[in-house]
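Structural overview for review
Here is what each chain is made of, one letter per residue.
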There are 2 protein chains.
Amino acid sequence: MPSSTVEDYLKCIYLEAQRRDGMLPMGALARAMNVVPGTATAMVKTLSSDRLVNYRARVGVSLTDAGTEIALQVVRRHRLIELLLVQVLGLDWSEVHGEAEALEHAVSDRVIDRIDAMLGHPRVDPHGDPIPSPDGAFALVGTVSLAECPRKVPRTIVRILDQDPDFLLFAEKNGLMPGQKVTVVSRDKSSDAVEISVRKGKKLTLGSSAARKILVDEAS
Amino acid sequence: MPSSTVEDYLKCIYLEAQRRDGMLPMGALARAMNVVPGTATAMVKTLSSDRLVNYRARVGVSLTDAGTEIALQVVRRHRLIELLLVQVLGLDWSEVHGEAEALEHAVSDRVIDRIDAMLGHPRVDPHGDPIPSPDGAFALVGTVSLAECPRKVPRTIVRILDQDPDFLLFAEKNGLMPGQKVTVVSRDKSSDAVEISVRKGKKLTLGSSAARKILVDEAS
DNA sequence: CATTTTATTTTGACTAATCAAACTAGATGG
DNA sequence: CCATCTAGTTTGATTAGTCAAAATAAAATG
Ligand SMILES: [Mn+2]
Ligand SMILES: [Mn+2]
Ligand SMILES: [Mn+2]
Ligand SMILES: [Mn+2]
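My aim in this report is to walk through the structure given alongside it, one point at a time. (Residues numbered from 1 in each chain as written. Chains lettered and ligands numbered in written order. Predicted model: local features only at pLDDT ≥ 70, side-chain atom pairs only at ≥ 80, totals over all residues. Heavy atoms only, no water.)

When two helices pack together, you describe them by how their axes are tilted relative to each other and by the distance separating the axes. Residues and elements named next belong to chain A. At a minimum axis distance of 10 Å, the contact between helix 1 (residues 4-19) and helix 2 (residues 26-33) shows a crossing angle of 120 degrees. For the element pair helix 1 / helix 2, the angle class is oblique. Regarding helix 1 and helix 2, the two cross each other, and that crossing is right-handed. Counting all contacts with helix 1, which are made through Asp8, Tyr9, Cys12, Ile13 and Glu16, the residues of helix 2 involved are Leu29, Ala32 and Met33. Looking at the contact of helix 1 with helix 2 residue by residue, the classes come out as six nonpolar, no polar and two charged. (Axes fitted to C-alpha atoms, helices over the stretch in contact; angles between N-to-C directions. Helix = DSSP H or I, 4+ residues; strand = E, 2+ residues; numbered from the N terminus. Parallel < 35°, antiparallel > 145°, perpendicular 65-115°, else oblique. Left-handed = near helix turned anticlockwise from the far one by under 90°. Contact = heavy atoms within 4.5 Å. Nonpolar A, V, L, I, M, F, W, Y, C, P; charged D, E, K, R; others polar.)

The next subject is the relation of the copies chain B and chain A. In the superposition of chain B on chain A (RMSD 0.0 Å, axial shift 0.0 Å), the rotation amounts to 180 degrees. Such a turn and shift between the copies fits a two-fold axis. The fraction of interface residues of chain B whose copies in chain A are also interface residues reaches 100%, indicating that both copies meet through the same surface. (Least-squares fit on C-alpha atoms with pLDDT ≥ 70 in both.)

The expected angle between donors at a tetrahedral four-coordinate metal is 109.5 degrees. At an octahedral six-coordinate metal it is 90 or 180 degrees. Residues and elements named next belong to chain A. Those donors, Glu82 (OE), Asp125 (OD) and His127 (ND1), are the protein atoms that reach the manganese ion (ligand 2), and they lie 2.1 to 2.3 Å from it. When the donor residues of the manganese ion (ligand 2) are listed from N- to C-terminus, their spacing reads E-x42-D-x1-H. Of this pair, Glu82 sits in helix 4 (residues 65-87) while His127 sits in the loop between helix 6 (109-118) and strand 3 (144-145), and the two are 45 residues apart along the sequence. In this structure His127 comes out as buried when scored by relative accessible area, which is 0%. (Donors = N, O, S within 2.8 Å, 3.2 Å for Na, K, Ca; no water. Buried < 20%, exposed > 50% of the residue type's maximum accessible area, 1.4 Å probe, protein only.)

This next bit is on the coordination of the manganese ion (ligand 1). All names here are of chain A. Those protein atoms acting as donors to the manganese ion (ligand 1) are Asp8 (OD), Glu101 (O), Glu101 (OE), Glu104 (OE) and His105 (NE2), and they sit at 2.0 to 2.4 Å. One chain supplies every donor for the manganese ion (ligand 1), spaced along it as D-x92-E-x2-E-H. With relative accessibility at 23%, the residue His105 sits in the partly exposed group.

Not every one of the 19 residues close to DNA strand D is listed here, only the nearest: Ser3 and Thr39 of chain A together with Thr41, Lys45 and Tyr55 of chain B. Among the atoms of DNA strand D close to the protein, meaning within 4 Å, 82% are from sugar or phosphate groups. Side-chain polar atom of Thr41 of chain B to a phosphate oxygen of DNA strand D: 2.8 Å apart, as the coordinates give it. Here a phosphate oxygen of DNA strand D and a side-chain polar atom of Lys45 of chain B are 2.2 Å apart. (Near = heavy atom within 4 Å. Polar contact = N/O pair within 3.5 Å; in protein donor to acceptor, adjacent residues only side chain to side chain.)

Turning our attention to the sheet that holds strand 7 (residues 202-207) of chain B. Residue and element names in this part refer to chain B. Taken in spatial order, the six strands line up as 3-8-4-5-6-7 in an open sheet, and their pairing is antiparallel. This sheet does not close on itself; its edge strands, each paired only once, are strand 3 (144-145) and strand 7. With two bridges joining them, strand 4 (residues 155-160) and strand 5 (residues 181-188) adopt antiparallel strand pairing. Note on strand 5: the bridge partner recorded for Thr156 is Lys181. Packed onto the sheet, helix 7 (residues 165-173) meets strand 4, strand 7 and strand 8 (214-216) and runs at close to 155 degrees relative to strand 7. (Pairing = 2+ DSSP bridges.)

A word on the sheet that holds strand 8 (residues 214-216) of chain A. Residue and element names in this part refer to chain A. Spatially, six strands are ordered 3-8-4-5-6-7 in an open sheet, and the strand pairing comes out antiparallel. Both outer strands of the open sheet, strand 3 and strand 7 (202-207), are each paired with one neighbouring strand and no more. Here two bridges tie strand 3 to strand 8, and the two strands are oriented antiparallel to one another. Each bridged residue has a counterpart across the sheet, and for Ser145 the counterpart in strand 8 is Leu215. On top of the sheet, helix 7 (residues 165-173) reaches strand 4 (155-160), strand 7 and strand 8; it is set at about 155 degrees to strand 7, its chief contact.

Now for empty space enclosed by the protein. In the structure shown here, the tally under the stated rule is two cavities of 30 Å³ or more. One number sums up the size of the largest cavity: a volume of about 160 Å³. Looking at the largest cavity, it is lined by 16 residues, and the ones nearest its centre are Leu84, Leu103 and Val107 of chain A together with Leu84 and Leu103 of chain B. Mapped by element, the contributors of at least two residues to the lining of the largest cavity are helix 4 and helix 6 of chain A together with helix 4 (65-87) and helix 6 (109-118) of chain B. The calculated volume of the second largest cavity comes to roughly 30 Å³. Taken together, Tyr14, Leu15, Gln18, Arg79, Pro130, Phe138, Leu140 and Arg159 of chain A form the lining of the second largest cavity. Among the elements that line the lining of the second largest cavity, the one with the most residues is helix 1 of chain A, at three residues. Here the lining of the second largest cavity is built from residues that sort into five nonpolar, one polar and two charged. (1 Å grid on protein atoms, 1.4 Å probe; cavity = no way out; pocket = protein on both sides within 12 Å on 5 of 7 lines; lining within 4 Å. Points joined across faces, edges and corners; volume = space filled by probe spheres on them.)

This is the structure:
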């Protein structure tokens, strides 16, 4: 069985590689894992000799099929746990990411299957992140953000691309959660601002980097 | 924060010391922790320098107040998790001890408080083991076992002193669970047997070591 | 192209947790 | 009391995961 450290590295490589194209540079991995670069290099070498990643010195790292499989299991556990904490135990969606970070390594398949069943085989977690099925499949949703979707057309929020508790609390307070309606009123290039209106016509202005974190559905 | 290894040692010392009198010998600790004696000695020395245990070479180990406090927190987490797994997620009582062994180190106070609230501040776990309150207090129950309680008097089972899945499955199959009624019919010294009758007058014979694991209430 | 900067790798060291095996300190007992 | 047994302790290694700092490769720049 992989240690929880190995699980975290694989999950991190998987999630970081979503953004970027091919190989994940060691510097990015080290930053994401909060370790010094030498530590990332050392770890990646052992992952490589275990055939969990492909490593090319001074280029970067990518997951093998075996590594992807483990990463997806960890992501599945993480997101099912988040949903359990929100829906069954009543924690706030801003708190659950941190909690799940530890619990994802401590739940067995048996327990995760029970959680999955009790929640009715959910497809997404509280932040709209997709939950891989036991065999690693999942649907991709909402690839357009408030920073680029058409204006004046009401949309439904489907996903939030940030786990930071402060951002999530802000989002929650302003009704920016999956399922909520939102319309982009205007955008201004120079001021980098996106003006939106949420439920009850409440207006709100976001910087574009925040707007980019809020994904809405494709179909109007 | 103590590592999960330290938490397990402290919990183990706490639980093993329940049986025995004063100091727990290193051999007993090593056996209970599944490590070689030298490992237990080394660990206990570091616990001792952290003021979590009192250690006297060639005598044994006992918990300090600080050590007891940690041990009780771990026991509290363990037992609340067991109850959650049984009552909310529907796992069998024979499975939950093993699951809780890992989860007890991964749940935060925040999560454990929510579990406690959701379960209605329970006093005992699925095996009848008492759940310490956040400040470490708990009630002692059922100090008499089927091996020594009076015969022919119906009793209620309050606690099972064994976490072995096989034993628990056996007990479950025969209705030997907390809350169930049971009566000792007869005992035989030479054959070491305890004959009991459970719900619906079903008869069953236990060896005395098994009988000693089933605790019943004091008052008839 | 030679030089400087930056990213990555290497080297050397450390901590926590463990085991195997050699070594006592006490108890047991003739 | 000496010999032996046994439980417990020491010593010497090992593994996983990490950091600091030196070394180096590659990229960027004048
Ligand atoms: Mn994690
Ligand atoms: Mn999430
Ligand atoms: Mn444990
Ligand atoms: Mn229990």
